[in-house]
Amino acid sequence: MDHDAAEVSIRPATAHDAAAMGRIADAAYDIYVSRIGRPPAPMLADYPNIAASGHAWVAEHAGHLVGFVVLEAAGAHLLLENVAVDPASQGLGVGGRLLRLAEDRARELGLAEVRLYTNEVMSENLAYYPRRGYRETHRAVQDGYRRVFFTKPIT
């Protein structure tokens, strides 16, 4: 594990985290606006509601929020609805820690898999998830976005 990743702590989000979560989403997803032609869905999300929902966790490093993940049980799987890391903190292992949290949470809930999706123009994500054991299952247009769906079995 990267030394800096050991200094990242993860905790459940609270309503007080909403503004920082919105800023992180804006910073993390801004590079995709021109590729998609409009803001990606996470830039439009209701972070006050998400932060208070009990479905979000935040990552902190050196006293600052540096990332978050939104998870929701959906039938026999856990949906990883959103994961974002502040670009200034990418490379610290935050994204990997948040993915492991999702997998651990699925295991705790007795769910068979973690599912997620990304936009088809987010080429960085299309390469990132398979390196972490996620397999592409299909592509579809959902909510007006061209999405690529992934799954990872939990053992």
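The following refers to the structure shown.

The rules we used
- Residue numbers run consecutively from 1 along every chain, following the written order of its sequence.
- Owing to the predicted nature of the model, reporting of local features is limited to residues with pLDDT of at least 70; listing and counting of side-chain atom pairs is limited to 80 or more, with chain, interface and lining totals taken over all residues.
- Side-chain numbers come from the whole structure's heavy atoms, not from hydrogens or water.
- Aromatic pairing here means that ring centres of Phe, Tyr or Trp (its six-membered ring) are within 6.5 Å. Orientation follows from the plane angle: under 30 degrees is stacked, over 60 is edge-to-face, and everything else is tilted.
- Relative accessibility decides the category of a residue: with a 1.4 Å probe and only protein chains considered, values under 20% of the type maximum give buried, values over 50% give exposed, and everything between is partly exposed.
- To sit over a ring, a charge needs its Lys NZ or Arg CZ within 6 Å of the ring centre and within 35 degrees of the ring normal.
- Put simply, a nonpolar core is a bunch of buried Ala, Val, Leu, Ile, Met, Phe, Trp, Tyr and Cys residues held in one set by side-chain atoms that sit within 4.5 Å of each other.
- We count a stretch as a helix when DSSP gives it H or I for four or more residues in a row; a strand needs E for two or more, and each element gets its number in order from the N terminus.
- A contact between two residues is defined here by any heavy atoms of the two lying within 4.5 Å.
- The working definition used for a salt bridge is a side-chain nitrogen of Lys or Arg within 4 Å of a carboxyl oxygen of Asp or Glu.
- Each polar contact in these results corresponds to two N or O atoms within 3.5 Å; when the atoms are within protein, one needs to be able to donate a hydrogen and the other to accept it, and residues that are neighboring in sequence are counted only if both atoms are side-chain atoms.
- What makes two strands pair is DSSP finding at least two bridges between them.
- For helices, the fitted axis covers only the stretch in contact; all axes are lines through C-alpha atoms, and the angles between them, taken along N-to-C directions, range from 0 to 180 degrees.
- Both site types are read off a 1 Å grid over the protein atoms alone. A 1.4 Å probe that fits but cannot get out defines a cavity, while an open set with protein on both sides within 12 Å along at least five of seven lines defines a pocket; lining residues have an atom within 4 Å of a point.
- Grid points are joined across faces, edges and corners, and a volume is the space filled by probe spheres set on the points.
- Residues are grouped as follows: nonpolar covers Ala, Val, Leu, Ile, Met, Phe, Trp, Tyr, Cys and Pro; charged covers Asp, Glu, Lys and Arg; every other residue, Gly included, is treated as polar.

### Some words on the packing of aromatic side chains
For the coordinates displayed, the defined rule picks out six aromatic pairs. For the ring pair Tyr29 and Tyr32, a centre distance of 6.3 Å and an interplane angle of 55° mean the geometry is tilted. The same class applies to Tyr29 and to Tyr32, which are both buried. An aromatic cluster is present here, built from Tyr128, Tyr129, Tyr134 and Phe150 joined pairwise through their rings. Sitting over the ring of Tyr145, Arg38 keeps its end group 3.8 Å from the ring centre.

### Some words on the nonpolar core
Counting 27 residues, the largest nonpolar core has Val69, Leu80, Val94 and Tyr129 as the members making the most contacts within it. Contributing elements (two or more residues each) for this core: strand S2 (56-61), strand S3 (64-74), strand S4 (77-85), helix H5 (94-108), strand S5 (113-119), helix H6 (123-131) and strand S7 (145-153). At six residues, the largest contribution of residues to this core is made by H5. For Val69, the contacting residues outside a window of four places in its chain are His55, Ala56, Trp57, Leu80, Asn82, Val83, Leu98 and Leu101.

### Some thoughts on the pattern of salt bridges
Counted according to the given criterion, the structure contains 10 salt bridges. A salt bridge links Glu124 to Arg35, with the nearest nitrogen and oxygen atoms 2.7 Å apart. A residue pair is termed long-range when its members are at least 10 positions apart, and Glu124 in helix H6 and Arg35 in helix H3 (residues 33-36) qualify at 89 residues. For Glu103, the salt bridge goes to Lys152, with nearest N and O atoms at 3.2 Å. Taken as a pair, Glu103 in helix H5 and Lys152 in strand S7 lie far apart in primary sequence, 49 residues in all. Each member of the pair Glu103 and Lys152 is classed as buried. Through salt bridges that share partners, Arg11, Asp17 and Glu60 make up one connected network.

### Digging into the side chain of Glu113
Along the polypeptide, Glu113 turns up in strand S5. One polar contact links Glu113 to Arg115, side chain to side chain, over a distance of 2.8 Å. Of the polar contacts made by the side chain of Glu113, one reaches the side chain of Thr151; its length is 2.2 Å. Not counting residues up to four positions away in its chain, the partners in contact with Glu113 are Ala76, His77, Leu78, Ala106, Thr151, Lys152, Pro153 and Ile154.

### As for the sheet that holds S4
Sheet strands pair by backbone hydrogen bonding; their relative direction is either parallel or antiparallel. Pairing within the open sheet is mixed, and its seven strands lie in the order S1-S2-S3-S4-S5-S7-S6. Because the sheet does not close on itself, it has two edges, and the strands there are strand S1 (8-12) and strand S6 (135-142). Strand-to-strand twist in this sheet, taken as the mean axis angle between neighbours without regard to direction, amounts to 25°. Contacting S4, S5, S6 and S7, H6 crosses the sheet at an angle of about 165° to S5.

### What about the layout of surface pockets?
In this model, the largest pocket occupies a volume close to 840 Å³. The wall of the largest pocket is formed by 40 residues, among which Tyr29, Val83, Ala84, Asn125 and Tyr129 lie closest to the centre. In terms of residue count, S4 provides more of the lining of the largest pocket than any other element does, six residues in total. When the residues that make up the lining of the largest pocket are grouped by side-chain class, the tally is 25 nonpolar, nine polar and six charged.

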